[in-house]
Amino acid sequence: MRELDSLGDLLGLPRPRLAFFPDRDEGERIYAQDRLARGELDGLAGSFFALTRECQSPDGLAARRLVLVPDAVITRREISERFAEFGFKRVDMVENVGEFALRGQVVDCFGAAHAAPIRVLFRGDTVETLRLFDPISQESEGFLSEALILPVNGGQGGDLGAYLGQCSVVYE
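Residues numbered from 1 in each chain as written. Predicted model: local features only at pLDDT ≥ 70, side-chain atom pairs only at ≥ 80, totals over all residues. Heavy atoms only, no water.

Glancing now at the sheet that holds strand β5 (residues 89-90). If you trace the six strands from one edge of the open sheet to the other, you get β5-β6-β7-β8-β9-β10, paired in mixed fashion. Each having just a single partner strand, β5 and β10 (140-143) make up the two edges of the open sheet. One ladder, built from three bridges, connects strand β9 (residues 126-133) with β10; its direction is antiparallel. Bridge pairing in β10 links F133 to S140. (Pairing = 2+ DSSP bridges. Helix = DSSP H or I, 4+ residues; strand = E, 2+ residues; numbered from the N terminus.)

Following this line, the structure appears as structure tokens:
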């Protein structure tokens, strides 16, 4: 007999799309909230503390997201100001989530929405390319058609109820 992971498997129901919602990692919390708001998740799994903490309201989060695409026009000064507003720390070399670096026509950042840091190459005030890169070797790992940049600092004015609607909430 085949092992089943859940009653849903037995009944042939689709598995819910869940993400872990951490207690303290603000970048990961905000990324999960953004995914809920865009309908990419059905629910969250986390501790009672994590799921009941105040968070950014959906409208506030929508106003605090930045999507970069090739040929977008944005100055390096504007992008630097947005990163600072989003809680990123300016460093010489990006190694950790929540950091960004500016070097000539290159802007590196490491946000929670991507598994690796992003290198934005500019031509003047125009985004030329977006690449993932290895933070240790600094070598490119592939091109992106778009890069989602979300705040790494928490917002206020909301709770998860505003995101969930019909979604499931699973407590640890």
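Next up on the list: helix α2 (residues 26-37). In a regular helix each residue adds 1.5 Å, so 12 residues correspond to 16 Å; α2 covers 16 Å between its end C-alpha atoms and thus fits that length. By the criterion of burial, α2 is predominantly enclosed, with nine of the 12 residues buried. With a side-chain oxygen positioned 3.2 Å from the backbone nitrogen of G27, the residue opening α2 is D25. G39 sits one or two residues past α2 and shows a positive phi near 80 degrees. (Expected span 1.5 Å × (residues − 1). Buried < 20%, exposed > 50% of the residue type's maximum accessible area, 1.4 Å probe, protein only. Polar contact = N/O pair within 3.5 Å; in protein donor to acceptor, adjacent residues only side chain to side chain.)

With that settled, consider the packing of aromatic side chains. Applying the stated criterion to the full structure yields two aromatic pairs. With centroids separated by 5.1 Å and ring planes inclined at 45 degrees, the aromatic side chains of F83 and F88 adopt a geometry described as tilted. F88 sits in the buried class, given a relative accessible area of 6%. Arranged with centres 5.2 Å apart and planes meeting at 50 degrees, the rings of F83 and F100 form a pair that is tilted. (Phe/Tyr/Trp six-rings, centres within 6.5 Å; stacked < 30°, edge-to-face > 60°.)

As a rule of thumb, soluble globular proteins bury nonpolar side chains together. One finds L68, I79, F83, F88, V120 and I149 to be the most contacted residues of the largest nonpolar core, which totals 20 residues. The set of elements that each furnish at least two residues to this core consists of β4 (66-68), α5 (76-85), β7 (106-110), β8 (118-123), β9 and β11 (147-149). A per-element tally of this core places β8 first, with three residues. Excluding residues within four positions of it along the chain, L68 makes contact with I74, I79, V120, L130, E146, A147 and I149. By size, the runner-up hydrophobic cluster in this structure holds 18 residues, among which are A32, L44, A112 and L150. (Core = buried A, V, L, I, M, F, W, Y, C linked by side-chain atoms within 4.5 Å. Contact = heavy atoms within 4.5 Å.)

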